[in-house]
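# A structural walkthrough
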2 protein chains.
Amino acid sequence: MTKPTKTQANRAKTEAGILRAAEEVFAQKGFAGSSMDAVAQQAGISKQLILYYFPGKDKLYQAVLENMIDLWLEKMQFNDDPEASPACTIRQYIQQKIELSRDYPNGSKVFAHEIINGAPVLKTYLIENLKPAFERDVKIIERWIAAGHIRPVDPKHLFFTIWAATQTYADFSTQIQLLLGKPSLEQDDFNEATEFLCNFVLSALDAQH
Amino acid sequence: MTKPTKTQANRAKTEAGILRAAEEVFAQKGFAGSSMDAVAQQAGISKQLILYYFPGKDKLYQAVLENMIDLWLEKMQFNDDPEASPACTIRQYIQQKIELSRDYPNGSKVFAHEIINGAPVLKTYLIENLKPAFERDVKIIERWIAAGHIRPVDPKHLFFTIWAATQTYADFSTQIQLLLGKPSLEQDDFNEATEFLCNFVLSALDAQH
DNA sequence: GTCTATAGTAGGATAGAC
DNA sequence: GTCTATCCTACTATAGAC
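Residues numbered from 1 in each chain as written. Chains lettered and ligands numbered in written order. Predicted model: local features only at pLDDT ≥ 70, side-chain atom pairs only at ≥ 80, totals over all residues. Heavy atoms only, no water.

Another aspect to go through is helix α9 (residues 173-180) of chain A. In an α-helix, one turn spans 3.6 residues, which is why side chains three or four residues apart end up on the same side. In terms of burial, α9(A) is largely enclosed, as seven of its eight residues are buried. Among the residues of α9(A), Ser173(A), Thr174(A), Gln175(A), Ile176(A), Gln177(A), Leu178(A) and Leu179(A) are the ones counted as buried. Where α9(A) is buried, its residues meet α6 (105-116) and α8 (155-171) of chain A together with α6 (105-116), α7 (123-146) and α8 (155-171) of chain B. (Buried < 20%, exposed > 50% of the residue type's maximum accessible area, 1.4 Å probe, protein only. Helix = DSSP H or I, 4+ residues; strand = E, 2+ residues; numbered from the N terminus. Contact = heavy atoms within 4.5 Å.)

Structure below.
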């Protein structure tokens, strides 16, 4: 029993290494701009070996997306705590979205490429999974508005704005680094972004906080 | 004199057609994912003819960027009217940024690809042209804050948020269409976005309006 | 200026030894 | 599982006729 287990462990380790490498390369160059050779070099193996683990570039790309999509969609939804106040819920939401940009900048960029290119792979998945969650969260906002907990705003555009504002720290990090004059975004920058955005959004909504 | 003028006019017309086609193709697939054939087909001519007008794919891509960058950078800066109130200045700013996303969605996506990929072509240009304008506008915000015209916020992150929130209607239009259940974004959607964002930002800043 | 033909090459994928 | 060798398609770019 030890033998196959060890083999499987090695296989999993190699696969994970390939996925990590692929995520980085796809993030920087997009799907079409990335060669299997580039991924192989990043992973420190041969491209033939990648094709042994993933039967085609398409499949590798899909695996990269699948590897992150659950975490990704989870963070695009409110935590389901009906007890929490609007201010707390939104603050935590923004915080987690910024953390996602900080901890998975490559994954974020891969998604950005995918969406800009018209979501050829993810379209169906987004309709089936993101859309219902989105509509549920829109209703939550509407209930807060009806109850007078926050200022009346269009909930749909509120989400579009929060998503854009949080993801820009991953997707457009190059531009932000350029303008801040920094070689890379550090913990301080993400803290500043979080503080700014939380205060900004909560002020705009006039949520009790 | 009529002959060369007419020839030049034709040349300009063909060039413009190629640039429009290239902008659309690059927007959808990125630089690496776009073939000269695809651009040619979109423009309704042969790829050899494109190479006659633009000596290489790189040059064509650069021409597409150059064709829009001045307009682009202009809209990322405040209109220089020292008389205008903060509320008016910001409202007009957001309005114009949304209009840019509405009128030039392809150009916006090409820029998005370029920035996500690390701005290999535009980096220098952004440092030399966007950065000084950005720092000037940050100072304007700081003066408004010091004068008590708007709530104290971090001006840098304010710009990052406004840019992200306005550009998302071009760059991430696929996702927004999916969630709104629409085949394309219409004038109404951009109007809603503008109204939401103006009110949202001005409320957050507590600018007199 | 616009066409046909073609050179040259990068990159995805397969075959087969070990 | 990992390697070497190789095939084949797609694409950029050039040459040259008209």
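Next comes the rest of the description.
With that out of the way, let us pick up the protein's contact with DNA strand C. Around DNA strand C, the surrounding shell holds 15 residues, and the nearest of these are Met36(A), Lys47(A), Lys57(A), Gln48(B) and Tyr53(B). Per the 4 Å cut-off to the protein, sugar and phosphate atoms form 48% of the nearby atoms of DNA strand C. One of the side-chain N or O atoms of Lys47(A) is found 2.9 Å from a base nitrogen in DNA strand C. For the surface near DNA strand C, the secondary structure elements donating two or more residues are α3 (47-53) of chain A together with α1 (2-33) and α3 (47-53) of chain B. Top contributing element to the surface near DNA strand C by residue count: α3(B), with four residues. (Near = heavy atom within 4 Å. Polar contact = N/O pair within 3.5 Å; in protein donor to acceptor, adjacent residues only side chain to side chain.)

A word on the packing of aromatic side chains. Residue and element names in this part refer to chain A. All told, the structure shown has 33 aromatic pairs over all chains when counted by the stated rule. With a centroid separation of 5.0 Å and 70° between ring planes, the pair formed by Phe78 and Tyr93 is classed as edge-to-face. Taken as a pair, Phe78 in the loop between α4 (57-75) and α5 (86-103) and Tyr93 in helix α5 lie far apart in primary sequence, 15 residues in all. On the basis of relative accessibility, which here comes to 7%, the residue Phe78 falls in the buried class. (Phe/Tyr/Trp six-rings, centres within 6.5 Å; stacked < 30°, edge-to-face > 60°.)

Here the focus is the protein's contact with DNA strand D. Lining the immediate surroundings of DNA strand D are 15 residues, of which Gln48(A), Tyr53(A), Met36(B), Lys47(B) and Lys57(B) lie closest. In the environment of DNA strand D, a base nitrogen lies 2.9 Å from a nitrogen or oxygen atom belonging to the side chain of Gln48(A). Interatomic distance of 2.9 Å between a side-chain N/O atom of Tyr53(A) and a phosphate oxygen of DNA strand D. Listing elements by their share of the surface near DNA strand D, those giving two or more residues are α1 (2-33) and α3 of chain A together with α3 of chain B. When residues of the surface near DNA strand D are assigned to their parent elements, the largest contribution, four residues, is made by α3(A). Residue composition of the surface near DNA strand D, by class: five nonpolar, seven polar and three charged. (Nonpolar A, V, L, I, M, F, W, Y, C, P; charged D, E, K, R; others polar.)

Attention now goes to the nonpolar core. Grouped together as the largest cluster of nonpolar side chains are 139 residues, with contacts concentrated most on Leu60(A), Leu158(A), Val201(A), Leu60(B), Leu158(B) and Val201(B). Sequence-distant contacts of Leu158(B), defined by excluding residues within four places in its chain, comprise Phe196(A), Phe200(A), Ile141(B), Val153(B), Val201(B) and Leu205(B). (Core = buried A, V, L, I, M, F, W, Y, C linked by side-chain atoms within 4.5 Å.)

Right, let's talk about the interface of chain A and chain B for a bit. Tallying the contact residues gives 54 residues for chain A and 54 residues for chain B. Summing both partners gives a buried area of about 4,600 Å² for chain A against chain B, and 74% of it is carried by carbon and sulfur. Taken as a group, Ile116(A), Leu179(A) and Phe200(A) account for 17% of the area that chain A buries against chain B, more than any other trio of residues on that side. Linking chain A with chain B are zero salt bridges, by the criterion used here. Applying the counting rule to chain A against chain B returns eight residue pairs in polar contact (both at pLDDT 80 or more). (Buried area = accessible area lost by both parts, 1.4 Å probe. Salt bridge = Lys/Arg side-chain N within 4 Å of Asp/Glu carboxyl O.)

Attention shifts here to the relation of the copies chain A and chain B. Mapping chain A onto chain B calls for a rotation angle of 180° and an axial translation of 0.0 Å; the resulting RMSD is 0.1 Å. Taken together, the rotation and translation describe the operation of a two-fold axis. Residue Ala204(A) of chain A places its C-alpha closer to the rotation axis than any other residue of that unit, at 1.9 Å. Same-surface contact between copies: 100% of interface residues of chain A are shared with the interface of chain B. (Least-squares fit on C-alpha atoms with pLDDT ≥ 70 in both.)

Moving on, we get to the UniProt feature "domain: HTH tetR-type" (unreviewed entry) in chain A. Within this structure's numbering, the places UniProt gives as "domain: HTH tetR-type" (unreviewed entry) are residues 12-72 of chain A. Taken end to end, residues 12-72 of chain A is 87% helix and 0% strand, and its two terminal C-alpha atoms sit 22 Å from one another. (UniProt positions renumbered as here; feature names shortened; annotations may be inferred.)

Our next topic: the UniProt feature "DNA-binding region" (unreviewed entry) in chain A. Per the UniProt entry, the sites bearing "DNA-binding region" (unreviewed entry) are residues 35-54 of chain A in this numbering. The distance separating the terminal C-alpha atoms of residues 35-54 of chain A is 14 Å; by composition the span is 75% helix and 0% strand.

In this model, chain A carries an average pLDDT of 96, and 98% of its residues clear a pLDDT of 70 or more. Mean pLDDT values over the elements of chain A span from 90, in α1(A), up to 99, in α8(A). (pLDDT = per-residue confidence, 0-100.)

Going through the model one piece at a time under the given rule, you end up with 17 salt bridges over all chains. The partner of Arg136(A) in a salt bridge is Asp80(A), and the shortest N-O contact between them spans 3.9 Å. Taken together, the positions of Arg136(A) in helix α7 (residues 123-146) and Asp80(A) in the loop between α4 and α5 put the pair 56 residues apart, joining distant regions of the chain. When its relative accessible area of 64% is taken as the criterion, Asp80(A) is described as exposed. Across the pair Lys75(B) and Glu74(B) runs a salt bridge, and its minimum N-O distance is 3.8 Å.

Attention now goes to α6(A). All names here are of chain A. Over its 12 residues, α6 extends 16 Å from the first C-alpha to the last, a length consistent with the 16 Å expected when each residue adds 1.5 Å. Where burial is concerned, most of α6 is hidden: 10 out of the 12 residues are buried. Restricting attention to buried positions, one finds in α6 the residues Gly107, Ser108, Lys109, Val110, Phe111, Ala112, His113, Glu114, Ile115 and Ile116. Trailing α6 by a residue or two, Gly118 shows a phi angle of about 95°, which is positive. (Expected span 1.5 Å × (residues − 1).)

Below, the discussion takes up the side chain of Gln175(A). Within the secondary structure, Gln175(A) sits in helix α9. In this structure, Gln175(A) is in contact with Met76(B), Ile115(B), Leu130(B) and Trp163(B), ignoring residues within four places of it in sequence.

When two helices pack together, their arrangement is captured by the angle between the axes and the distance separating the axes. All names here are of chain B. Here α7 crosses α8 at 115°, and the two axes come no closer than 9 Å. The angle between α7 and α8 falls in the class roughly perpendicular. When the axes of α7 and α8 are compared, the crossing they make is right-handed. Contacts between α7 and α8 involve Phe134, Asp137, Val138, Ile141 and Glu142 from the first element and Pro155, Lys156, Leu158, Phe159, Phe160 and Trp163 from the second. Classifying every residue of the contact of α7 with α8 by side-chain character gives eight nonpolar, no polar and three charged. (Axes fitted to C-alpha atoms, helices over the stretch in contact; angles between N-to-C directions. Parallel < 35°, antiparallel > 145°, perpendicular 65-115°, else oblique. Left-handed = near helix turned anticlockwise from the far one by under 90°.)

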